[in-house]
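# Structure assessment
If you want the building blocks of each chain, they are given just below.
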Amino acid sequence: MATDSQDSKHSRVVAVAIDNSEYAEKAFDWYLEKIRRDDDVIVLIHIPESYDFSLAREWSPLTLQKEAFDFTLPSPGVIKQLLDELEKSVKALEDRYAEKVKAYGIDGKFRTGGGKPGEAIIKIAREENATLIVTGTRGLGKIRRTVLGSVSDYVIHHSPVPVLVCRM
């Protein structure tokens, strides 16, 4: 068993999965109020929703001149608009959580990733050498979880470190 002097030399790296949901915010608040240590280093992980850019089409008079519509190329204007909206949303989320982190005087960083949320959370947690992952859950029933998938369920089953799932 580690002694107090050994424990004080090593900070915990706590990865907290966040998004714009009330579940993520409640999980983060619970961590702050119940188990946070003064020497914790926090990694806020956000995996923005991805868009199917193949659906980013824009009507154009040129398409009427063709015998068939060309659905192979997405509209650059629509893609730019979607990416700009995504960037603003991520920045607003980062700012909101940065205020909370600052209020508690916690060291840490904000990381984003792409792909399937559960896989990306695990990947970033490994990269950051996290010693704990905190996540919220929507509390889906067994059938809905099977059909829709569950990020927290994936993280629990694939994490190399302990996972705390807050269900509120």
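So, here's what we can say about the structure.

About the criteria used
- Residues numbered from 1 in each chain as written.
- Predicted model: local features only at pLDDT ≥ 70, side-chain atom pairs only at ≥ 80, totals over all residues.
- Heavy atoms only, no water.
- Pairing = 2+ DSSP bridges.
- Helix = DSSP H or I, 4+ residues; strand = E, 2+ residues; numbered from the N terminus.
- Axes fitted to C-alpha atoms, helices over the stretch in contact; angles between N-to-C directions.
- Contact = heavy atoms within 4.5 Å.
- Salt bridge = Lys/Arg side-chain N within 4 Å of Asp/Glu carboxyl O.
- Buried < 20%, exposed > 50% of the residue type's maximum accessible area, 1.4 Å probe, protein only.

## Quick word on the sheet that holds strand β3 (residues 107-112)
Strand pairing in a sheet takes place through backbone hydrogen bonds and is either antiparallel or parallel in direction. Taken together, the 5 strands give an open sheet; going across it, the order is β3-β2-β1-β4-β5, and neighbouring strands pair in parallel fashion. This sheet does not close on itself; its edge strands, each paired only once, are β3 and β5 (163-166). Across this sheet, the average inter-strand angle for adjacent strands is 20 degrees, counted without regard to direction. Strand direction decides the pairing type here: strand β4 (residues 132-136) and β5, joined by 4 bridges, are parallel. Across the sheet, residue Ile133 finds its bridge partner in β5, namely Val163. Together, β1 (13-18), β2 (41-46) and β3 form the strand contacts of helix α4 (residues 76-104), whose direction differs from that of β2 by roughly 160 degrees. Taken strand by strand, helix α5 (residues 117-127) contacts β1, β2, β3 and β4, and its axis lies near 155 degrees from that of β2.

## Notes on the pattern of salt bridges
Under the defined criterion, the tally for this structure stands at 12 salt bridges. For the salt bridge of Lys26 with Glu22, the shortest nitrogen-to-oxygen distance reads 3.4 Å. Taken as a pair, Lys26 and Glu22 lie in helix α2 (residues 22-35) at a separation of 4 residues, close to a single helical turn. A residue is classified by how much of its surface remains accessible, and Lys26, at 37% relative accessible area, is partly exposed. Across the pair Asp29 and Lys100 runs a salt bridge, and its minimum N-O distance is 2.5 Å.

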